[in-house]
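Topology and contacts: notes
Each chain, letter by letter, is given below.
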Amino acid sequence: MLTVAVNICRILLAACFIFSGFVKAVDPVGTQIKLQDYLLAFGWENLFSSDLLLSAGILAGVEFFLGIYLLLGVFRYGTSLILMVVMLFFTPFTLYLAIKNPVSDCGCFGDALILTNWQTFAKNVVLLLLAVFVFIFKTRIVPFVSERRAWVVPVITATLIINFMLSNIRDLPIFDFRPYRVGTDLRSEILEGKDGRFDEFYLMDSEYNDATEKVLSADGYSFLIVSPHLEEASQNNIDLINDLYYYSRDAGYPIYGITASGNETVKAWSENTYAQYEFLFADEIVLKTMIRRNPGVLVLKDGAIVAKWSDRNIPLDSQVSARMEQLKPARPEWSSAGTKKLVVALLFILPYLLLILIDRIGCSLQNDGLVKRE
């Protein structure tokens, strides 16, 4: 019964860390923004503000690694010890967050699952108890992979999680947990005020006139080139951005640049990139929430978000004469959300199942050899 209890606790603890690391890896830029919130809350923005995206990636990777190690039962002593130490640190830290409330939520599970600070503290108390229990009885953890092949686990894990994070950074997060996801009817939500999550959304022209209704009430397709800060925006694919302008102009689709930068920065951007589209202005937090690339493109149809493109996958390289209905995105689209989830799940699960199978076959053959020699 003790062995069963230890392994149930081990799986629950592992599942929590795997999920936490995975959702951070889905949206490393979102994790970076949350880390910035912490630095601002504690007044440390000038001390640790550089390389926060790298720090976000490391945080996601460490959580995912620890969860996978514990789930598969490899490196039992070190893994259980580190997990216990981590929880011994974060449990009182989240108690402080719950009492002082310097940030609205801890960001433990990104935008996939938002908890209040008190809920986070309660969750961490449970995880701490699980971690202590697992550490005390770590020798009762039943491994799924033998020590002989345990070294393969970090190789598989690093390959999967690093490539997954890079893909989500270079393009866009494969899963979108934010309010401005594809399918959101901005015209309904914002102009009719149905959802408080969009209260901060507004668009202004260069003379500070409200342009929100003009953009969202447009019928048919329109494009929003979103860049929270133009001075930080990538110009690597600026030709595709400009091609999108010419495409929209010829097809009669409205197109706007949306930024939180000032007029002088907009002027410099337009001169450097030969941008001819009109710029509107919005809150930088809203823009960072809308799309994770800088710049990125929102495609609207009748005021609803129907597509999101990073500057790397604007589908105009060989289709400049096609109508929007005929455009095929440069990055493959999924037939359904269920298909996407299934493919990603198999991508992460199958390598470990294959390792376990190979390990069991190898151990079986080794045991047969020992029996025959005896």
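Every chain's residues receive numbers from 1 upward, in the order its sequence appears when written. In view of the model being predicted, local features appear only for residues whose pLDDT reaches at least 70, and side-chain atom pairs are presented and counted only at 80 or more, with totals across whole chains, interfaces and linings using the full set of residues. By convention in this description, side-chain values take in all heavy atoms of the structure and omit both hydrogens and water.

1. Quick word on the packing of aromatic side chains
Just so we agree on the cut-off: Centres within 6.5 Å make a pair out of two Phe, Tyr or Trp rings, where for Trp the six-membered ring is used; the pair is then stacked when the planes are under 30 degrees apart, edge-to-face when over 60, and tilted otherwise. Working definition: helices are DSSP H or I runs of at least four residues, strands are E runs of at least two. Numbering for both runs from the N terminus.
This structure, assessed with the given rule, holds 28 aromatic pairs. A ring pair is formed by Phe 90 and Phe 93, whose centres lie 6.3 Å apart and whose planes are at 80°; its orientation type is edge-to-face. Of this pair, Phe 90 and Phe 93 both sit in helix α4 (residues 76-100), 3 residues apart, which is roughly one turn of the helix. For the ring pair Phe 164 and Phe 348, a centre distance of 5.2 Å and an interplane angle of 90° mean the geometry is edge-to-face.

2. Thoughts on the state of the cysteines
Quick note on the threshold: We call a pair of cysteine sulfur atoms a disulfide whenever their separation is within 2.5 Å. When accessible area is computed with a 1.4 Å probe and restricted to protein chains, residues below 20% of their type maximum are described as buried, those above 50% as exposed, and intermediate ones as partly exposed.
By the definition in use, this model includes 1 disulfide. Covalently, Cys 106 is tied to Cys 108 through a disulfide, its sulfur atoms 2.1 Å apart. The thiol of Cys 9 is unpaired, and the distance to the nearest cysteine sulfur, on Cys 16, comes to 13 Å. When its relative accessible area of 16% is taken as the criterion, Cys 16 is described as buried.

3. Considerations on the packing of helix α2 (residues 28-42) against helix α3 (residues 52-72)
What counts is decided by this rule: An axis is simply a line fitted to the C-alpha atoms; with a helix, the fit covers only the stretch in contact. Between two such axes, the angle follows the N-to-C directions and lies from 0 to 180 degrees. Orientation is classified from the angle alone, with under 35 degrees giving roughly parallel, over 145 giving roughly antiparallel, 65 to 115 giving roughly perpendicular, and any other angle giving oblique. Any two residues whose heavy atoms approach within 4.5 Å at even a single point are treated as in contact.
It is the contact of α2 with α3, at a shortest axis distance of 8 Å, that shows an interaxial angle of 110°. Comparing their axes, α3 and α2 come out roughly perpendicular. Contacts from Pro 28, Val 29, Thr 31, Gln 32, Leu 35, Gln 36 and Leu 39 in α2 reach Leu 52, Leu 53, Ser 55, Ala 56 and Leu 59 in α3.

4. Structural notes on the pairing of strand β2 (residues 255-259)
Side-chain direction in a regular strand flips from residue to residue, so the side chains alternate between the two faces of the sheet. Heads up, the rule is: Whether two strands pair depends on DSSP finding at least two bridges between them. Handedness of a crossover is defined as follows: orient the strands so they point away from the viewer, and if the path from the first strand over the helix to the second runs clockwise, the crossover is right-handed.
For β2, the buried fraction is high: 5 of the 5 residues fall into the buried class. Going residue by residue along β2, you find Ile 255, Gly 257 and Thr 259 tucked away on one face and Tyr 256 and Ile 258 tucked away on the opposite face as well. Bridging between strand β1 (residues 221-227) and β2 involves 5 bridges; their strand directions are parallel. Each residue of the ladder has a partner; that of Phe 223, found in β2, is Ile 255. The sheet contact formed by β2 and strand β3 (residues 278-281) spans 4 bridges and is parallel. Paired with Tyr 256 across the two strands is Glu 278, which belongs to β3. Considered for its hand, the β-α-β crossover made up of β2, helix α10 (residues 263-273) and β3 is right-handed.

5. Observations concerning unusual backbone geometry
Here the bond from Asn 294 into Pro 295 is cis, since omega is 5°, no more than 30 degrees from zero. Positionally, Pro 295 belongs in the loop between α11 (284-290) and β4 (296-301). Not every positive phi belongs to a glycine, and Asn 101 is a case in point at roughly 55°. For Asn 101, the location among the structural elements is in the loop between α4 and α5 (117-136). The residue Tyr 208 is not glycine, and still its phi comes out positive at about 70°. For Tyr 208, the position within the fold is in the loop between α7 (186-191) and α8 (212-216). Residue Tyr 208 is classed as exposed on the basis of its relative accessible area, which comes to 62%.

Read these as layout, nothing more, since geometry by itself doesn't imply function.
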